[in-house]
Amino acid sequence: MLMFLVGLVLFIGIHLLRALAPAARQGMIDSMGANAFRGLYSVVTIASFCLLVYGFGEARLDTGILYEPPVFLRHLTLLLMLVAMIVLVAGFLPTGYIALYTKHPQVLSVKIWAFAHLLANGETAQVILFAAFLAWGVVMRISLKRRERSGEITPKVFQSARYDLFAVVGGLLIYGLFVMKLHTWLIGVSVM
């Protein structure tokens, strides 16, 4: 469990550096240079992700069940994950209505993913993982909103509704792949 928690804290922490400690982050960039900072950031991200994944697998063997979700919540999770995939894809495309109105689609996608998985999973390590990512998403959204108000981030400008169509088609494809095989292959748990 310790390896999982260390990996989770490091992974979430490095991804909250700009939101919670922008001056410290800028100080590191100024003292070591932008390229060295990016290299260090990448190494810490990869190492913490590996700790998180390995530690999560180990923690699942040791921790118990906090709650047993009702079966209907699994169906709701499937529906929410479809929305999460569409919103995620919209975040990587030029701005359509989905990206415009969700403001920060990738962050929203992580929040939907985490919330959906909290509905369907009651095992302790899973609850800790998904609650941490949901909290990260909330903090990031607040931070991004503040950065937008200060002018550090420029708001998205609508480009075309066709990108919404691409987001829906791409999200459906990725969702279908995850439901049919990828979730089982990557996570070791069948969706169905």
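This section reports on the structure supplied with the text. In this text, all values refer to a predicted model and were calculated from it rather than measured experimentally.

## Side note on helix H1 (residues 2-15)
The end-to-end C-alpha distance of H1, which contains 14 residues, comes to 20 Å, matching closely the 20 Å that a straight helix rising 1.5 Å per residue would cover. Within the span of H1, buried status applies to Phe 4, Gly 7, Leu 8, Phe 11, Ile 12 and Ile 14. Seen along its axis, H1 keeps its buried residues to an arc of 165 degrees; they face one direction. Seen from the buried face of H1, the exposed residues on the opposite side, beyond 90 degrees, are Leu 2 and Val 9. Of the surrounding elements, those touching the buried residues of H1 are helix H2 (17-20), helix H4 (34-62) and helix H8 (124-150).

## Thoughts on the environment of Arg 149
Secondary-structure assignment places Arg 149 in helix H8. The exposed category is assigned to Arg 149, whose relative accessible area is 64%. Between the C-alpha atoms of Arg 149 and Ala 116, which are 33 residues apart in sequence, the distance is 30 Å.

## Quick notes on the environment of Ala 161
Assignment of secondary structure puts Ala 161 in the loop between H8 and helix H9 (162-187). Each C-alpha atom, one on Ala 161 and one on Gly 96, is 5.0 Å from the other, the two residues being 65 residues apart in sequence.

## What to know about a positive patch on the surface
On the surface, Lys 103, Lys 145, Arg 146 and Arg 149 cluster together into a positively charged patch. Structurally, Lys 145 is set in helix H8.

What counts and what doesn't
Residues numbered from 1 in each chain as written. Predicted model: local features only at pLDDT ≥ 70, side-chain atom pairs only at ≥ 80, totals over all residues. Heavy atoms only, no water. Helix = DSSP H or I, 4+ residues; strand = E, 2+ residues; numbered from the N terminus. Expected span 1.5 Å × (residues − 1). Buried < 20%, exposed > 50% of the residue type's maximum accessible area, 1.4 Å probe, protein only. Arc of directions from axis to C-beta. Contact = heavy atoms within 4.5 Å. Patch = residues over 30% accessible without salt bridge, like charges linked within 9 Å, V, L, I, M, F, W, Y side chains within 5 Å. Areas by Shrake-Rupley, 256 points an atom, 1.4 Å probe, with all protein chains shown as cover. Salt bridge = Lys/Arg side-chain N within 4 Å of Asp/Glu carboxyl O. Lys, Arg positive; Asp, Glu negative; His and termini not counted. Charge placed at Lys NZ, Arg CZ, Asp CG, Glu CD.

Worth remembering: the numbers are spatial, not functional.
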